[in-house]
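Commentary on secondary and tertiary structure
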Amino acid sequence: MFTNVYRLTRVKQIERVTKTITLQENRKVLVRPLYLSVCRADERYYSGTRDSKILARKLPMALIHEAVGIVEYSNESTYEVGSLVAMIPNHSFEHDTLVTDNYLATSKFSSSSEDGFLQELISIDYERLVKIPNEVPASLSALIEVASIAVQGLKQLQRVMIPRIRRLGIWGDGNVAYITAVIASNLYPECEIYVFGKHPEKLSYFSFAHTVDINEIAKGMWVDQVVEAVGGNGSESAVEQAINVINPGGTIVLSGVSEYPIEINTRKILEKGLTLIGTSRSIKSNFEQAIEIMKADPIARKRMQLLIQSIRDIHSEKDIIDSFEFDLSLTWGKTIMHWNL
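Everything numeric in this text was worked out from a predicted model, so none of it was measured.

**Description of the overall build of the protein**
Secondary structure summary: the protein contains 10 helices and 18 strands in total. Computed over the C-alpha atoms, the radius of gyration of the protein is 20 Å, within 12% of the 20 Å expected from 2.2 N^0.38 for a compact globule of 341 residues. In terms of its C-alpha atoms, the protein occupies a principal-axis envelope of roughly 65 × 40 × 35 Å. The buried share of the protein, reckoned over its 341 residues, is 52%. A fraction of 74% describes how many contacts in the protein between residues 6 or more apart in sequence connect residues 24 or more apart. When the accessible area of the protein is evaluated, it comes to approximately 15600 Å², of which 49% is carbon and sulfur surface. Of the charged side chains in the protein, 37 are positive and 41 negative, and the gap between their average positions amounts to 2 Å.

**Considering the sheet that holds strand 16 (residues 275–278)**
With parallel pairing, six strands are arranged side by side in an open sheet as 13-12-11-14-15-16. In the strand order of this sheet, the two ends are held by strand 13 (210–213) and strand 16, each with one partner. Between one strand axis and the next, the sheet turns through 20° on average, direction left out of account. Summarising the sheet, strand 15 (residues 251–254) and strand 16 pair through four bridges and their orientation is parallel. Note that in strand 16 the partner of Thr251 across the bridge is Thr275.

**Structural notes on a nonpolar patch on the surface**
Together, Leu98, Val99 and Tyr103 line one region of the surface with nonpolar side chains, adding up to about 300 Å² of accessible area. Structurally, the position occupied by Leu98 is in the loop between strand 7 (90–91) and strand 8 (108–109). We classify Leu98 as exposed; its relative accessible area is 79%.

**Looking at the side chain of Asp224**
Relative to the helices and strands, Asp224 is located in the loop between strand 13 and strand 14 (225–228). Polar contacts involving the side chain of Asp224 include one to the side chain of Asn247, which spans 3.0 Å. Sequence-distant contacts of Asp224, defined by excluding residues within four places in its chain, comprise Arg164, Ile165, Arg166, Arg167, Ile246, Asn247, Gly250 and Thr251.

**Here's the deal with the sheet that holds strand 1 (residues 2–10)**
Spatial strand order, 2-1-4: three strands in an open sheet with antiparallel pairing. Of all the strands in the sheet, the pair left with one neighbour each is strand 2 (13–20) and strand 4 (61–62). In terms of strand pairing, strand 1 meets strand 4 through two bridges, oriented antiparallel. Its bridge partner being in strand 4, Leu8 is matched across the sheet by Met61. Its contacts with the sheet put helix 10 (residues 317–328) on strand 1 and strand 2, and the angle it makes with strand 2 is roughly 130°.

**Topic: the pairing of strand 5 (residues 66–74)**
In terms of strand pairing, strand 3 (residues 28–37) meets strand 5 through eight bridges, oriented antiparallel. Directly across from Leu36, in strand 5, lies its bridge partner Ala67. For strand 5 and strand 6 (residues 84–87), the ladder comprises three bridges, and the chain directions are antiparallel. Note on strand 6: the bridge partner recorded for Val68 is Ala86.

**Brief notes about the packing of aromatic side chains**
All chains considered together, the criterion is met by eight aromatic pairs. Ring geometry for Tyr6 against Trp339: centres 5.7 Å apart, planes inclined by 85°, an arrangement best described as edge-to-face. Residue Tyr6 is located in strand 1, and its partner Trp339 is located in strand 18 (residues 334–339); the two are separated by 333 residues in the primary sequence. Ring centres of Tyr46 and Phe324 lie 4.8 Å apart, and the angle between their planes is 25°; on these two criteria the pair is classed as stacked. Of the two residues, Tyr46 sits in helix 1 (residues 40–47) while Phe324 sits in helix 10, which places them 278 residues apart along the sequence.

**A closer look at helix 1**
Residues of helix 1 that are buried include every one of Asp42, Glu43, Tyr45 and Tyr46, and no others. Within helix 1, the buried residues cover an arc of 160° as seen down the axis, which keeps them to one side. For helix 1, the elements touching its buried residues are strand 1, strand 3, helix 2 (52–58), strand 4 and helix 10. Backbone geometry just downstream of helix 1 places Gly48 in the positive-phi region, at approximately 80°.

Calculation criteria
- Residues numbered from 1 in each chain as written.
- Predicted model: local features only at pLDDT ≥ 70, side-chain atom pairs only at ≥ 80, totals over all residues.
- Heavy atoms only, no water.
- Helix = DSSP H or I, 4+ residues; strand = E, 2+ residues; numbered from the N terminus.
- Rg over C-alpha atoms; globule rule 2.2 N^0.38 Å.
- Buried < 20%, exposed > 50% of the residue type's maximum accessible area, 1.4 Å probe, protein only.
- Contact = heavy atoms within 4.5 Å.
- Areas by Shrake-Rupley, 256 points an atom, 1.4 Å probe, with all protein chains shown as cover.
- Lys, Arg positive; Asp, Glu negative; His and termini not counted.
- Charge placed at Lys NZ, Arg CZ, Asp CG, Glu CD.
- Pairing = 2+ DSSP bridges.
- Axes fitted to C-alpha atoms, helices over the stretch in contact; angles between N-to-C directions.
- Patch = residues over 30% accessible without salt bridge, like charges linked within 9 Å, V, L, I, M, F, W, Y side chains within 5 Å.
- Salt bridge = Lys/Arg side-chain N within 4 Å of Asp/Glu carboxyl O.
- Polar contact = N/O pair within 3.5 Å; in protein donor to acceptor, adjacent residues only side chain to side chain.
- Phe/Tyr/Trp six-rings, centres within 6.5 Å; stacked < 30°, edge-to-face > 60°.
- Arc of directions from axis to C-beta.

What follows is the structure in structure tokens.
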């Protein structure tokens, strides 16, 4: 059968192409997208702020890696037709006993190394789906992927040792920092959460945490563990501050993406015996835990709902472009596309 794919062909230009998909492959499920969330990574492709050589290599490509959809057909009994499912963008072709699939060089990722979810119908391996319970509203479920990223990052704290977390420091006041704080408040209910940022209007959303202006960090301020969620040009100063504030023996999880190398104060890292761990993307178990949190914790659902700034109906390529343009105008929060193509 045929399906339409909506690919970014060049900066701010999305075109429809038709491709053939088969229903005969074992382990494949046919999913129709329902809600899709625009990510800053997608925006960098759309607006052309990625390196021109990278764009030339990867385009044309369908964007979006945060999406849920409705099962239309399945060769497997695991997913009934009509089920609401989260689609996992990480596409693995092998498994390692020590390294999870999201860190394997052979794995691909939707809207990065293969087409994303801007498609009329998606043929996807059933292992890359997770059923969404009724307790999680359909539009809110578009945030499951970014919530799974937060779960993956916080789980990294446990890779080295069982961490002492009386205070968790989160550097950043954007979307990833916010949802990391929401997930952390669920995973570590006895822990004090401190969010370090520089935008008062963004920090006001973190009403359930302590907020600290990065230009007014008090002398003697301390945290036990850190998640850095700044990225970009600000990641260097964020890591420097975190190294200064964190207690000896702590771990700094690096989750902010920077296009260029940054300097790191290795002397302080050695003096304090710190561990720096990178985190990127997520795996199925992270999705499952994120969904369980959203299912069981109405407070977490209410807090996550604040991230949704607009839900936009999509009936044409122009609607897709308008959604990206609207998202570019946001200083905080996310744009959700309600798919009708």
